[in-house]
Structure formats: structure tokens, C-alpha cells
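Structural characterization, general
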Amino acid sequence: MPWLDTAILQIECRRKSRKKLAEELACPTFFFPTALSAEQSTSDLLADFHASLIAPGSTVLDLTCGLGIDVYHAARRASEVTAVDINQEITDAIRHNSTALALDNVTAVTADCREFVKNTDRRYDVVFIDPARRGANGERIYRLADCSPDVTSMLTDIAAVSPRLIVKASPMLDITQLLRELPDTTDLYVTGTSTECKELVADITFADSHTTEPVIHVTTPLHNFAFTQSEEAVALPDFGSPAAGEYLYEPGTAVMKAAPFKLLSQRYGVSKLHPNTHLYHSPHRINDFPGDVWHIDRVADFSSHEIKAIAQQHDRLNIATRNFDMSADTLRKKLKVKDGGTHRLIATTLHDNRKALLLLSPPHPPIHTHGS
């Protein structure tokens, strides 16, 4: 690549990656081999989480290293990391960046990872794989069998070189289907923020049999929630109708993906609005609920009279619908209000099947903690 094109690539990749790769970009000679490697790389935050799953001093094999962010974070914890990629340009960059980051325990190998695990005579403590989720024409793909490589077809070969495999998968996958395709999963991590589910991470221990079912962990910067699907199946939620002056709880996106809907009510002592309305309320604020908390200013019936009254009081509202037969955009047009402001309005269905409008505002300072 001509030097001018290379310089432009580095400038552009650094600009786009400055937030998610702050640690690497603190190194002035960190090199991006391709624009795609920067676009598809994991963030420092998620790479730190992946590395935390590895026991200190482990030997690690990364079968799809890409830009190598997971490799570099793992290398600070592991005794040795072998990074495999089919692209020579990628592995050359891994060698350069490992030296630039003063990591002398990384070995880069140019190979098809499927052939590598078939032919290596080494054993590793942990194997990590992040299959590519882009098709030949750049389209997004999600099913494990459609990704490259198809990790489901490699399980026997990987088990021959390591007792443990960590698989990074799309947050779009159905959790039950993922656990069916990766039957030796012991822990499944649903990672994200309050507004976004980032990924599913399956932690697999190869064994003749597993006597316990997988534990599902919802992991965000602020919350951790662990459960099994059997616990959710037998949980007994409480149902109730919200009232003005109470608090409303809206589970975060990662929690919604994991779907511990009955357990949330049981563990946090909050009442569910309806079996199919995944919103909760309580008379006192619960600080550690894994999601957003709102103060309930008003509970109104869904009627022309109430719609008119709310529209007269507010010219801006953040509107959402939950288990409601109308979209947020349609409701906004009915109310004739603009999007925005500090107040939120959620149209929903209560446990007695009554349609309601919940007018919400940011809560006052915390006054109650779960379990206190």
C-alpha cells in the first residue's frame, strides 16, 4: 500500500476508534492493517471483560484474532497467547502491535483456524473464537452455522486441544437456540449497557456430561444479574397496578434479551404490570434494579379526554409503548407533542387488561435500597 494511502488509513481508523480503543491508541505506533479490522474490532471495555474470564497464567489460543484487541488484553493476564488469522496482513500487524505495546508473550500464526486446530500438537488452557458475522457481500449474518468459521462444526477438534472454549456471538441470536447449538456451555454472558445489548458470550467446558444447567449472566457496567432458565420457569411474580407517587422500573436492553421477567419481580420485590408487560413498580425506590427507574407522576386511562389533558400540559414528551396496540409514533401524533424533554410517557396494558398512560419523570435522590 502506498505510504500516503497508509497514512490516510491510520488517521481515519484512529479517528473512528478513539473512543472504543483508547488504550491502544495511547501507543503512537499502533497500526491498523485494514479499515475493516478497525470497524469490526471489539472495544477495550468488552476485551477487558473477555480477559477477566481467563485465569491468570493461562495459555490462550485466539482462533480469529482480527485487529487483536482481545489478544492484547488477554496477554496482560495470560502467560502466553497464540493469535491465528488466515490473513498475512493481519498477523503481521499483530506482531508489530504486540512489540509496540510491549507484549512479549504473543505469537501470531497465519493459518486457517479450522486447519490449525486439526493439526496442532499443542494444548491450551482456553480457546477464544469470534466468528465473522459478515457475509460475502457484506450483509450481516447471525446464526452460528452461517458465520465464518462455523464454530458448531469445530467443537470436536477444539475439544481435542483445550478443555475450555469461549465463543463471542451476535446479540441477535435466540438464547435457547444458542445453548442448544453449544451444549457444553456452563455460563452464558449477555453483555451490554442500559440501552444496547452488545454480545452473547458462551463459556464452554468440554466434559462427558454436565450435571447443572448453564447460568445466564446479565453483565453491564452498572449491574450483574445471574439466573438459570429453570429458576425463571418456576418464579412467582407479583402483579399490581401502579399509582402516582410510586416508582416504575424499565429493564435494560441486556436484561430484556436474557428475559428473567418473573424473577425480576421475585428477587427485587417489585410488582409486574401484566404477564406480557415487562415493566415493574413499587411504592419505594429500589436503587439496584438492573434498568432505568422513573417516578410515576400520573396514571391515566387511555381515553380522548386524558390524551387531551396530557397534551395541554406538555409540549414535549419521550413516548414509548409496551404491550400496547399502537406504536409510539402513532401515539405521538395523537397527542400532537414533539419528541424530547425530561418527561417520559409509556402507554401500556395493566394486569386487569386496562390500557393506561403512565406519565413519568426522573426520580428524586435515592431513598431505598433493595434488601435494606
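Rules used throughout
Residues numbered from 1 in each chain as written. Predicted model: local features only at pLDDT ≥ 70, side-chain atom pairs only at ≥ 80, totals over all residues. Heavy atoms only, no water. Pairing = 2+ DSSP bridges. Helix = DSSP H or I, 4+ residues; strand = E, 2+ residues; numbered from the N terminus. Phe/Tyr/Trp six-rings, centres within 6.5 Å; stacked < 30°, edge-to-face > 60°. Buried < 20%, exposed > 50% of the residue type's maximum accessible area, 1.4 Å probe, protein only. Expected span 1.5 Å × (residues − 1). Arc of directions from axis to C-beta. Contact = heavy atoms within 4.5 Å.

Some remarks on the pairing of strand β14 (residues 291–301)
Bridge count for strand β11 (residues 247–251) against β14 is five bridges, and the pairing is antiparallel. Pairing of Pro251 across the sheet is with Gly291, part of β14. Sheet topology places β14 next to strand β17 (residues 355–361); six bridges connect them, and they run antiparallel. Bridge pairing links Asp301 to Ala356 in β17.

Remarks on the packing of aromatic side chains
Following the criterion strictly, the structure yields nine aromatic pairs and no others. Centre to centre, the rings of Phe302 and Phe324 are 5.1 Å apart; their planes meet at 90°, and the pair counts as edge-to-face. Taken together, the residues span a long stretch of sequence, with Phe302 in the loop between β14 and α13 (304–313) and Phe324 in the loop between β15 (316–322) and α14 (328–335) at a distance of 22 residues. Overall, the relative accessible area of 29% leaves Phe302 in the partly exposed class. Its relative accessible area of 12% is what places Phe324 among the buried residues.

Observations concerning helix α1 (residues 3–17)
Each α-helix winds once per 3.6 residues, and so residues spaced three or four apart point in a common direction. Between its first and last C-alpha, α1 extends 21 Å over 15 residues, near the 21 Å set by a 1.5 Å rise per residue. Along α1, the residues that are buried comprise Thr6, Leu9, Gln10, Cys13 and Ser17. All buried residues of α1 fall inside an arc of 100° around its axis, so they share one side. For α1, the secondary structure elements touched by its buried residues are α2 (22–25) and α3 (35–40).

Keep in mind these numbers describe shape, not what the thing actually does.
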